[in-house]
Amino acid sequence: MIARLGLLALLLCLSVSACGDLPEPFLGNPGATAQRLAKPLTPLLAVPPGTDTLLPDAASRDLAKQLATALQATEVPAMVRQPAKTDWRLVTRAERDGNGVKPLFSVQDPQGKERGSAVGEVVPLKAWANADPALIQQVAAEAAPRVGAVLTSIRIAHDKADPGSLYNRAAKVEVVDVTGAPGDGDQTLTQQMRARLAVLGPVVLTTPIGADFVVQGQVKVVPIPKRQERVEIQWVVKTASGDERGRVVQLNEIPAGTLDHYWGDVAVVVATEASAGVNDVILRQSGHEPNQTRQSAK
């Protein structure tokens, strides 16, 4: 998901000493941030067709397929197959509920022990019996975020019990060199992001050795009418293996050529605001909610 920092009406000075107060749109607005992705504790969540779904076999297979597809859309690595020995699995069944049918979803570990469950919306009995493909798809779409929440809860409980997990220690973050900025922007933005992010808690690295996450800033400057430029800065957060986990995007329109030489205080403010969004992504990936963490730190 993308966190947007609305940086409007930026007034830039040609020298640091000539700058007065920085414009308000830069300040106090880290924006919404990427939500933590629901991940099972193993590389794969097997989704076998249910055998107790009150559906015909073909419809049960379709439901398993739609569930896997909906979970994949939320970046849960799910696959329709009979579970292997190391697979976590999603077991689907259904039961009568008055004049309707209630879908039930059980998350089980590789030993077959239930670790969490989710309940779907009750479907009228006749509609369930008809097993219309559109209905099956709707049931799966509604179930996927609920199953994802169960997986997240399992992961958090696991991480809390593990003293070496990211939940119980500071994340190690490699901040690589910014690319694409005019003037001294690449160097200045890199330096400022490293400094500002370190203040917020992560252990900031300049090499990949031991890193949990990698952060890179990418700058793009596009000419627009009336001698203006649109500056887009994206701070991409990835795992050490390269899987993207979130990004913070900053957009602004400025007079053409303003940043061709020195960034100065502009880099300070950009990095200060962007580092808050980047840190929120890292906190969520580590099992924390940013607001709670900030409150507990006060």
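In the block above lies the structure referred to throughout.
These lines cover the structure that appears in this document, whether it is placed above or below. Residue positions are given per chain, counting from 1 as you read along its sequence in written order. Whole-chain, interface and lining totals are the exception, using all residues; otherwise, since this is a predicted model, local features are given only for residues with pLDDT of at least 70 and side-chain atom pairs are given and counted only at 80 or more. Side-chain metrics in this entry use all non-hydrogen atoms of the structure; hydrogen atoms and water are not considered.

1. Thoughts on the overall build of the protein
Then, number 1: Across its full length, the protein carries 6 helices and 12 strands.
Then, number 2: Buried means the residue's accessible area, taken with a 1.4 Å probe over protein chains only, is under 20% of the maximum for its type, while exposed means over 50%, and partly exposed covers the values in between. Expressed as a percentage of its 298 residues, the buried residues of the protein come to 46%.
Then, number 3: Considering only contacts in the protein between residues 6 or more positions apart, those separated by 24 or more positions represent 64%.
Then, number 4: Surface accessibility of the protein: about 15200 Å² in total, with carbon and sulfur atoms responsible for 53%. Labels follow the DSSP assignment, with helices taken as runs of H or I lasting at least four residues and strands as runs of E lasting at least two, numbered in each case from the N terminus. Any two residues having at least one pair of non-hydrogen atoms within 4.5 Å are treated as being in contact. Residue exposure ignores everything except the shown protein chains as possible cover, and the areas themselves are Shrake-Rupley values with a 1.4 Å probe.

2. Looking at the side chain of Asn279
Then, number 1: Its location among the elements puts Asn279 in helix α5 (residues 265-285).
Then, number 2: Contact partners of Asn279, with chain neighbours within four places excluded, come to Leu197, Leu200 and Pro202.

3. Some words on the nonpolar core
Then, number 1: Throughout this description, the term nonpolar core refers to a set of buried Ala, Val, Leu, Ile, Met, Phe, Trp, Tyr and Cys residues connected via side-chain atoms within 4.5 Å. Residues Leu45, Val47, Leu67, Leu71, Leu90, Phe105 and Val107 are the most contacted members of the largest nonpolar core, which totals 32 residues.
Then, number 2: For this core, the secondary-structure elements that each account for two or more residues are α1 (57-73), β4 (88-97), β5 (100-108) and α3 (133-161).
Then, number 3: When residues of this core are assigned to their parent elements, the largest contribution, 10 residues, is made by α3.

4. Notes on the pairing of strand β11 (residues 228-239)
Then, number 1: If DSSP finds at least two bridges between two strands, the strands pair. Across 12 bridges, the pairing between strand β10 (residues 213-224) and β11 is antiparallel. When the sheet's bridge partners are listed, Val219 is paired in β11 with Ile233.
Then, number 2: Here β10 folds back onto β11, and the loop between the two strands holds 3 residues, one of which, Lys226, carries a positive phi near 65°.
Then, number 3: Note that β11 and strand β12 (residues 244-255) share 11 bridges and pair antiparallel. Note that in β12 the partner of Gln228 across the bridge is Pro255.
Then, number 4: Between the end of β11 and the start of β12, which pair antiparallel, lie 4 residues, with Gly242 showing a positive phi angle near 100°.

5. Things to note about α3
Then, number 1: When the terminal C-alpha atoms of α3 are compared, their 42 Å separation across 29 residues agrees well with the 42 Å that a helix rising 1.5 Å per residue should span.
Then, number 2: Residues adjacent in sequence count toward polar contacts only when both atoms are side-chain atoms; beyond that, a polar contact is any pair of N or O atoms within 3.5 Å, and within protein one must be able to donate a hydrogen and the other to accept it. Its side-chain oxygen 3.0 Å from the backbone nitrogen of Ala134, Asp132 forms the N-cap of α3. Here the expected length of a helix is defined as 1.5 Å per residue gap, with one fewer gap than residues.

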